[in-house]
Amino acid sequence: MRKYELLKPIWHAFTALDLDKSGKVSKSQLKVLSHNLCTVMRIPHDPVALEEHFKHDDQGPVSTQGYMPYLNKFILDKVQDNFDRQDFNRMCWTLCARKNLNRTHLLISDEDAFKIWCIFNFLSEEKYPLAIVTEEIEYFLRKLTEAMGGSWVEERFEDYKLELSIKQQSLSAWELITLVGRGTFSKGMDRQTLSMGITEVFHELILDVFKQGYMMKKGHKRKNWTERWFLLRPDSISYYVSEDLAEKKGDILLDGNCCVESLPDKEGKKCLFYVKCSDKSYEINASDKKRKQEWIQAIQMCLSLLQLGRTVPHRESLQKRRDLRQKQQAEQEELELRMRELQTANENKQHQLEAMRKKLEEAATNAAEEERIRLQTQTEQQDRYRMDLEREKMVRQEMEEQVAQKSSELEQYLQRVHELEDMYHRLEDALEDEKRARQDEETVRRLQARLLEEEAVKRAELEQIHLHQQRAISETEVEKQELRKEGTAKENALQAAMLQLEQLEKERQGALEQYQEVVQKLEDAANNTRTWKHKVAHHEGLVRLVQPGSKGPQKITNWGPAAFTEAELSLRKKDWQERKSQPAENQ
């Protein structure tokens with residue numbers, strides 16, 4: 001966890017101890033706070049260090065500036081990633097909730113309020129006092145509405161945003177809890193639905209849970225199927241006895257070498273897939289095909305993030321939004337600076353004109369013979385300055401036009417950014433389709449190889465039966481009667497083997513047709529990928545990415561891919577039929 005993510009809950013706890021809002025907290029309270037922080041973060045506590053740090057400030061409260069160096073040196077710099085972050089958050093929440101949480105007319109429990117508080121700390125700006133801006137409020141409310149299964153009403157939030165802009169541009173943590181807890185944007189939803197929605201958003205944003213739900217898992221020792229509650233995180237899949245997460249049964253640790261693939265139906269189970277790791281594989285059964293595909297896609301996304309070394313998507317999107325806001329703020333500040341410079345120049349001109357007018361008025365009181373000359377000079381100067389004013393007015397209009405043009409260019413830039421993000425999403429979908437098509441192709445190839453192996457085994461058995469029958473015919477005439485009976489039985493077995501061989505050939509033909517369909521899907525996915533990559537490259541001015549070419553169908557025989565030509569296969573088949581008919585003629 002980054003240091004600024006730890007500072008936000010600690011800031012709430014420190015502010016709660018600042019009862020008179022003076023920005024200072026007594027040393028005794030800081031001792032308690034520091035001891036609790038060290039306990040929950042598993043850091044050895046050194047009370048002497050705190051006394052030593054504030055030895056020159058024994059007479060009164062200790063300021064935040066004085067506590068920050070101690071906090072950085074003796075606590076935050078020693079933090080390891082071996083403590084429970086939820087215990088840390090709950091400790092800070094306990095200190096600040098008793099003072100700030102107003103439970104009047106709230107439709108949510110204290111646990112839901114704590115989850116909203118954690119989400120606020122995640123989405124708030126890295127400025128103190130902490131606040132969440134309008135864009136992040138909309139992002140949170142939109143995700144909460146989707147989690148509750150409702151539809152987002154843009155007009156209602158636009159009205160609220162207008163009302164919020166009149167008062168302020170952001171909300172505190174307690175104002176956000178009040179906004180959600182009073183059901184302003186969840187009308188028509190019961191309390192249970194609202195609580196479930198808050199929990200789902202909390203799991204995604206704070207606990208980095210991509211997906212969760214019940215599925216069946218096959219045991220490694222007893223080989224029985226047991227229902228478990230699965231919880232997918234970026235680097236692991238944990239499974240519990242139930243959804244209350246009270247009893248964990250195990251973890252599936254994910255890395256860049258893991259893979260997830262679909263399995264055919266077996267043992268009366270449908271919608272099977274397995275997660276293959278370096279040490280073992282896990283067979284899992286989903287409730288339906290849709291959930292199976294959702295789980296496979298979610299696990300594949302986690303594996304892709306691990307292979308690329310990227311963080312979770314919602315953290316990347318949060319950083320992008322913050323960077324964009326900083327860039328817009330910098331541009332706005334630059335624009336305001338230029339406007340202030342123009343305003344200052346205009347005021348200087350006005351002051352000069354005012355000073356000149358005073359001089360002209362003083363000159364009018366001089367001698368009568370000089371009055372005409374002075375009046376003429378004044379008129380000329382007024383005309384000249386009037387022209388300067390008109391010129392200044394034109395310059396101001398030009399600057400206003402430039403400002404309007406910059407605003408228009410900014411809107412066009414934002415529109416291009418949205419279009420580019422949409423193209424990226426479509427490109428990722430096309431790549432995902434191509435990857436699934438390749439996996440289907442690999443599955444069909446394996447099935448075809450298995451059918452060919454079974455067919456080769458049956459052919460070997462048939463040849464053994466045929467050889468044994470020839471040896472039986474070459475026995476003495478005395479045993480001929482008995483051998484005929486055995487030959488009849490073996491001929492029946494031969495006929496059964498022939499039927500099985502024909503069945504295998506039909507299955508092989510079906511597998512070949514399925515393989516052709518998968519190849520066609522793969523080519524369609526590759527063409528779609530090339531189309532979107534070409535659009536993205538054209539939109540960004542990049543070079544066109546090289547795509548893998550389509551694979552042509554291979555000749556599959558009983559001895560492997562392209563082992564013999566058609567002529568060799570015909571000769572072998574003819575030779576086998578002749579050897580098969582010879583024993584029957586000898587009889």
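Going by an unreviewed UniProt entry, the chain carries the name Switch-associated protein 70 and comes from Salmo trutta. Reading the Subunit (unreviewed entry) entry of the UniProt record for the chain gives the comment "The SWAP complex consists of NPM1, NCL, PARP1 and SWAP70."

Chemist: Got a minute to help me understand the overall build of the chain in this structure?
Modeler: When helices and strands are counted, the chain shows 15 helices and 13 strands. For 587 residues, the compact-globule estimate of 2.2 N^0.38 gives 25 Å, and the C-alpha radius of gyration of the chain, at 40 Å, exceeds that figure by more than 25%. Considered along the principal axes of its C-alpha atoms, the chain spans approximately 165 × 70 × 50 Å. Out of the 587 residues in the chain, the part that is buried amounts to 35%.

Chemist: Explain the sheet that holds strand β7 (residues 236-240) to me, please; I cannot follow it from the model alone.
Modeler: Working definition: the strands of a sheet are paired by backbone hydrogen bonds and lie parallel or antiparallel to each other. Taken in spatial order, the seven strands line up as β8-β7-β6-β5-β11-β10-β9 in an open sheet, and their pairing is antiparallel. Each edge of the open sheet is held by one strand with a lone partner, namely β8 (248-253) and β9 (259-263). Averaged over all neighbouring strand pairs, the angle between strand axes comes to 35°, with direction disregarded. The sheet contact formed by β7 and β8 spans five bridges and is antiparallel. Among the inter-strand pairings, tyrosine 239 is bridged to a residue of β8, identified as glycine 250.

Chemist: Explain the side chain of histidine 12 to me, please; I cannot follow it from the model alone.
Modeler: With respect to the secondary-structure elements, histidine 12 resides in helix α1 (residues 3-17). Histidine 12 sits in the buried class, given a relative accessible area of 6%. Here histidine 12 is in contact with Cys96, Trp117, Phe120, Asn121, Leu130, Ala173 and Trp174, once residues within four sequence places are set aside.

Chemist: Mind showing me how you'd approach unusual backbone geometry here?
Modeler: Glycine aside, residues mostly have negative phi, and peptide bonds are mostly found in the trans state. Of note, the bond from tyrosine 128 into proline 129 is cis; its omega dihedral lies within 30 degrees of zero at 0°. Along the chain, the position of proline 129 falls in the loop between α6 (110-123) and β3 (132-133). A positive phi is found at lysine 223, a non-glycine position, where the angle reads about 60°. Within the secondary structure, lysine 223 is located in the loop between β5 (211-218) and β6 (225-233). For lysine 223, a relative accessible area of 48% translates into the label partly exposed.

Chemist: Is there a simple way to think about the nonpolar core in this case?
Modeler: When a protein is soluble and globular, its nonpolar side chains tend to lie buried together. Residues Leu37, Met41, Tyr67, Trp117 and Phe140 are the most contacted members of the largest nonpolar core, which totals 72 residues. Here this core takes nine residues from α6, the largest share from any one element.

Chemist: I would appreciate a short explanation of the packing of helix α2 (residues 27-40) against helix α5 (residues 85-100) in the present structure.
Modeler: Where α2 contacts α5, the axes come no closer than 9 Å and their chain directions differ by 160°. On the basis of their axis angle, the class for α2 and α5 is roughly antiparallel. Crossing hand, α2 versus α5: right-handed. Facing Leu33, Asn36, Leu37 and Val40 of α2, the residues of α5 in contact are Asp87, Phe88, Met91, Cys92 and Leu95. Tallied by class, residues from the contact of α2 with α5 come to seven nonpolar, one polar and one charged.

Chemist: Would you take a moment to explain the pattern of salt bridges for this structure?
Modeler: A side chain of one charge can pair with a side chain of the opposite charge if their charged atoms are brought near each other. Enumeration over the complete set of coordinates arrives at 33 salt bridges. Close ionic contact of lysine 458 with glutamate 461 constitutes a salt bridge, the shortest N to O distance being 3.9 Å. Of this pair, lysine 458 and glutamate 461 both sit in helix α13 (residues 368-473), three residues apart, which is roughly one turn of the helix. With a relative accessible area of 40%, glutamate 461 lands in the partly exposed category. Where aspartate 575 meets arginine 579, a salt bridge forms, and the shortest distance between an N and an O atom there is 3.2 Å.

Chemist: What is the right way to read the environment of glutamine 439 from this model?
Modeler: Relative to the assigned elements, glutamine 439 resides in helix α13. When the C-alpha atoms of glutamine 439 and methionine 423 are compared, they prove to be 24 Å apart, with 16 residues separating the residues in sequence. Discounting residues that sit within four places of it in the chain, glutamine 439 has contacts with Val260 and Gln300.

Chemist: Help me understand a negative patch on the surface in this model?
Modeler: Together, Glu475, Glu479, Glu482 and Glu486 make up a negatively charged patch on the protein surface. With respect to the secondary-structure elements, glutamate 482 resides in helix α14 (residues 480-540).

Chemist: What is the right way to read helix α9 (residues 173-181) from this model?
Modeler: Two residues of an α-helix separated by three or four positions point the same way, owing to the 3.6 residues in each turn. Within α9, seven of the nine residues are buried, leaving the element largely enclosed by the surrounding structure. For α9, the complete set of buried residues consists of Ala173, Trp174, Leu176, Ile177, Leu179, Val180 and Gly181. Once α9 finishes, glycine 183 follows within two positions and takes phi at roughly 70°, a positive value.

Chemist: I tried to follow the packing of α6 against α9 on my own but got confused; where do I start?
Modeler: To characterise two packed helices, one gives the angle between the axes of the helices and the distance between these axes. Interhelical geometry of α6 versus α9 gives an angle of 130° and a closest axis separation of 9 Å. It follows that α6 is oblique to α9 by the angle criterion. The two elements α6 and α9 meet at a crossing, and its hand is right-handed. Residues Ala113, Ile116, Trp117 and Phe120 of α6 pack against Ala173, Trp174, Leu176, Ile177 and Val180 of α9. Residues belonging to the contact of α6 with α9 are distributed by class as follows: nine nonpolar, no polar and no charged.

Definitions and cut-offs
Residues numbered from 1 in each chain as written. Predicted model: local features only at pLDDT ≥ 70, side-chain atom pairs only at ≥ 80, totals over all residues. Heavy atoms only, no water. UniProt positions renumbered as here; feature names shortened; annotations may be inferred. Helix = DSSP H or I, 4+ residues; strand = E, 2+ residues; numbered from the N terminus. Rg over C-alpha atoms; globule rule 2.2 N^0.38 Å. Buried < 20%, exposed > 50% of the residue type's maximum accessible area, 1.4 Å probe, protein only. Pairing = 2+ DSSP bridges. Axes fitted to C-alpha atoms, helices over the stretch in contact; angles between N-to-C directions. Contact = heavy atoms within 4.5 Å. Core = buried A, V, L, I, M, F, W, Y, C linked by side-chain atoms within 4.5 Å. Parallel < 35°, antiparallel > 145°, perpendicular 65-115°, else oblique. Left-handed = near helix turned anticlockwise from the far one by under 90°. Nonpolar A, V, L, I, M, F, W, Y, C, P; charged D, E, K, R; others polar. Salt bridge = Lys/Arg side-chain N within 4 Å of Asp/Glu carboxyl O. Patch = residues over 30% accessible without salt bridge, like charges linked within 9 Å, V, L, I, M, F, W, Y side chains within 5 Å. Areas by Shrake-Rupley, 256 points an atom, 1.4 Å probe, with all protein chains shown as cover. Lys, Arg positive; Asp, Glu negative; His and termini not counted. Charge placed at Lys NZ, Arg CZ, Asp CG, Glu CD.

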